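Below, each chain spelled out in residue letters.
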Amino acid sequence: MTESLKQIYILAGNDTVGREHAREGIIEGISRNHGQVTSVRFDTGDGDFSLFTQDILTPSLFQETRVFLIGHAQELDEEEISQLNELLDNPPPDCYLIIEIDEDKKGKESEPKTAKKLGASKRAAEGCSSYMEFPKPPEYRISQWLQNQVPLLFKRKISRVDADYLADLVGSDLDTLHSELQKIDIHLPAGQAIDRTAIEHVVGASRQMTVYELASALSQKQFPKALAIINSLFSTDFYAPLMISAFFRHYWALFRIRRFAEANPQVVKTFLSSRGYKDPAVDAAAYEIGLASGLLQEGEQRKIYPVIIASGIVQAARKFSDEELKTVLRWLLEFDAGVKTGKIEATEHEVQLFCFRIARVSELIRSGTDI
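Residues numbered from 1 in each chain as written. Predicted model: local features only at pLDDT ≥ 70, side-chain atom pairs only at ≥ 80, totals over all residues. Heavy atoms only, no water.

A. Highlighting the sheet that holds strand 5 (residues 130–133). Pairing is parallel in the open sheet, where 5 strands are placed in the order 2-3-4-1-5. Edge strands, defined here as strands with exactly one partner in the open sheet, are strand 2 (37–43) and strand 5. Across the sheet, the axes of successive neighbouring strands diverge by a mean angle of 15°, strand direction being ignored. Here 7 bridges tie strand 2 to strand 3 (residues 65–71), and the two strands are oriented parallel to one another. If you follow Phe42 over to strand 3, its bridge partner there is Ile70. Contacts from helix 1 (residues 16–34) reach strand 1 (8–12), strand 2, strand 3, strand 4 (95–101) and strand 5 within the one sheet, and its direction differs from that of strand 4 by about 175°. The strands that helix 3 (residues 78–89) touches are strand 1, strand 3 and strand 4; relative to strand 4, the one it contacts most, it runs at about 140°. (Pairing = 2+ DSSP bridges. Helix = DSSP H or I, 4+ residues; strand = E, 2+ residues; numbered from the N terminus. Axes fitted to C-alpha atoms, helices over the stretch in contact; angles between N-to-C directions. Contact = heavy atoms within 4.5 Å.)

What follows is the structure, encoded as structure tokens:
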């Protein structure tokens with residue numbers, strides 16, 4: 001075997017994009033050393049695993065270099081894990097093995113469960129294999145993940161601000177982010193950085209917006225942005241009851257946050273003092289606020305970042321008075337009744353006017369208009 005290569009590669013983790021990039025790099029390295037190679041893949045459900053291992057053990061008739069890929073190894077049963085371990089103990093000399101495990105380690109685990117069953121770390125320490133972990137980043141580190149992966153995947157750069165913007169538009173699903181990055185890559189000249197202009201042109205133009213984004217834009221009193229979202233919503237099938245439900249949940253949460261802040265000012269002060277990511281005190285405060293507002297349930301600490309921190313909902317609650325929020329909630333009940341009785345058709349124009357009232361509720365109350 002070539003000294004710069006290992007015969008066995010075990011790749012674990014739910015960062016599917018990073019893992020795929022590593023796998024492709026391994027296969028390219030094998031090809032550079034051996035020329036043409038033959039790849040054979042096994043996934044659970046593809047058939048009898050023992051027959052697949054027999055194929056590995058059977059010598060090649062044509063002296064070719066073979067690469068055997070085993071996907072979703074966490075789905076192998078105990079007997080199949082035992083067969084795989086026997087194979088890893090004495091692999092045939094004319095092939096390479098790449099094993100992929102869709103698992104991240106949990107809690108105090110030293111390695112993911114299936115990786116431990118295969119002795120991944122121990123084998124790597126003994127020098128007979130390579131073991132790499134690709135944990136899926138938490139949502140608050142998606143921007144950092146983008147900054148690290150874009151140079152590797154596309155030989156480009158992306159700033160932290162633009163990475164934040166892309167994540168806000170697309171979300172935190174890694175495969176979806178990778179797909180959008182591929183579209184942007186095709187659009188840009190070689191080597192050019194991925195910036196906000198490219199993201200808006202490629203991603204923003206094609207992405208269907210949601211009623212939840214509309215509720216958020218209105219609570220931030222960003223009416224021009226709300227108009228763009230309404231236009232996007234009406235470009236496909238618009239369903240008014242879903243919008244009303246999203247609005248009611250959002251504005252009821254704002255009202256409950258204000259009530260919580262009045263009773264627990266120090267908790268909200270701690271939350272607003274945040275100077276960065278992963279501050280235990282801020283996370284604890286965010287969790288309390290999330291529970292009090294009904295946006296989080298018990299045990300949903302993992303949702304703190306997207307639901308409470310990144311959304312800016314606590315800051316939005318400070319932009320309204322109790323009277324303003326009660327007025328918006330009343331308008332929502334009236335609009336809902338109008339839609340259900342047929343008095344309101346919920347056309348794009350009517351929705352625009354309704355959203356204008358919500359965005360301008362402060363001014364309308366002060367002027368005594370449309371209350």
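B. Summary view of the packing of helix 1 against helix 6 (residues 142–154). Running from amino to carboxyl end, helix 1 crosses helix 6 at an angle of 25°, the nearest separation of the two axes being 11 Å. In this view, helix 1 runs roughly parallel relative to helix 6, as classed from their interaxial angle. Judged by the sense of rotation from one axis to the other, the crossing of helix 1 with helix 6 is left-handed. Residues Val17, Gly18 and His21 of helix 1 pack against Trp145, Gln149, Leu152 and Leu153 of helix 6. Here the contact of helix 1 with helix 6 is built from residues that sort into 4 nonpolar, 3 polar and no charged. (Parallel < 35°, antiparallel > 145°, perpendicular 65-115°, else oblique. Left-handed = near helix turned anticlockwise from the far one by under 90°. Nonpolar A, V, L, I, M, F, W, Y, C, P; charged D, E, K, R; others polar.)

C. Structural context of unusual backbone geometry. Backbone geometry at His72 places phi at a positive 55°, although glycine is not the residue there. Positionally, His72 belongs in the loop between strand 3 and helix 3. You can call His72 partly exposed: its relative accessible area is 30%. A positive phi is found at Lys221, a non-glycine position, where the angle reads about 60°. The topology assignment puts Lys221 in the loop between helix 10 (211–219) and helix 11 (223–233). (Buried < 20%, exposed > 50% of the residue type's maximum accessible area, 1.4 Å probe, protein only.)

D. Summary view of the packing of aromatic side chains. For the structure shown, the criterion picks out 10 aromatic pairs. A centroid spacing of 6.2 Å and a plane angle of 65° characterise the contact between Tyr140 and Tyr305, whose relative ring orientation is edge-to-face. Within this pair, whereas Tyr140 is found in the loop between strand 5 and helix 6, its partner Tyr305 is found in helix 15 (residues 304–309), the two being separated by 165 residues in sequence. Taking the centre distance of 4.3 Å and the plane angle of 20° together, the rings of Phe234 and Phe238 count as stacked. Across from the ring centre of Tyr165, 3.7 Å away, lies the NZ or CZ of Arg196, which sits over that ring. Taking NZ or CZ as reference, Lys221 lies 4.6 Å from the ring centre of Phe320, over its face. (Phe/Tyr/Trp six-rings, centres within 6.5 Å; stacked < 30°, edge-to-face > 60°. Lys NZ or Arg CZ within 6 Å of the ring centre and 35° of its normal.)

E. Molecular detail of a nonpolar patch on the surface. On the surface, Tyr212, Tyr239 and Leu242 cluster together to form a nonpolar patch covering roughly 370 Å² of accessible area. Looking at where Tyr212 falls in the secondary structure, it is placed in helix 10. (Patch = residues over 30% accessible without salt bridge, like charges linked within 9 Å, V, L, I, M, F, W, Y side chains within 5 Å. Areas by Shrake-Rupley, 256 points an atom, 1.4 Å probe, with all protein chains shown as cover. Salt bridge = Lys/Arg side-chain N within 4 Å of Asp/Glu carboxyl O.)

F. Representation of the pattern of salt bridges. A full pass over the atoms with the stated rule returns 19 salt bridges. Of the charged contacts, one joins Asp164 and Arg160 as a salt bridge, the two residues approaching to 3.6 Å between their closest N and O atoms. Taken together, the residues Asp164 and Arg160, both in helix 7 (residues 160–170) and 4 residues apart, mark about one turn of the helix. Assessed through its relative accessible area of 24%, Asp164 is described here as partly exposed. Note that Asp322 and Arg258 form a salt bridge whose closest N and O atoms lie 2.8 Å from each other.

G. Spatial organisation of the confidence of the model for the chain. A residue-level look at the chain finds 95% of positions with pLDDT of 70 or above and a mean pLDDT of 89. Here helix 15 is the element of the chain with the lowest mean pLDDT, 84, and strand 1 is the one with the highest, 96. (pLDDT = per-residue confidence, 0-100.)

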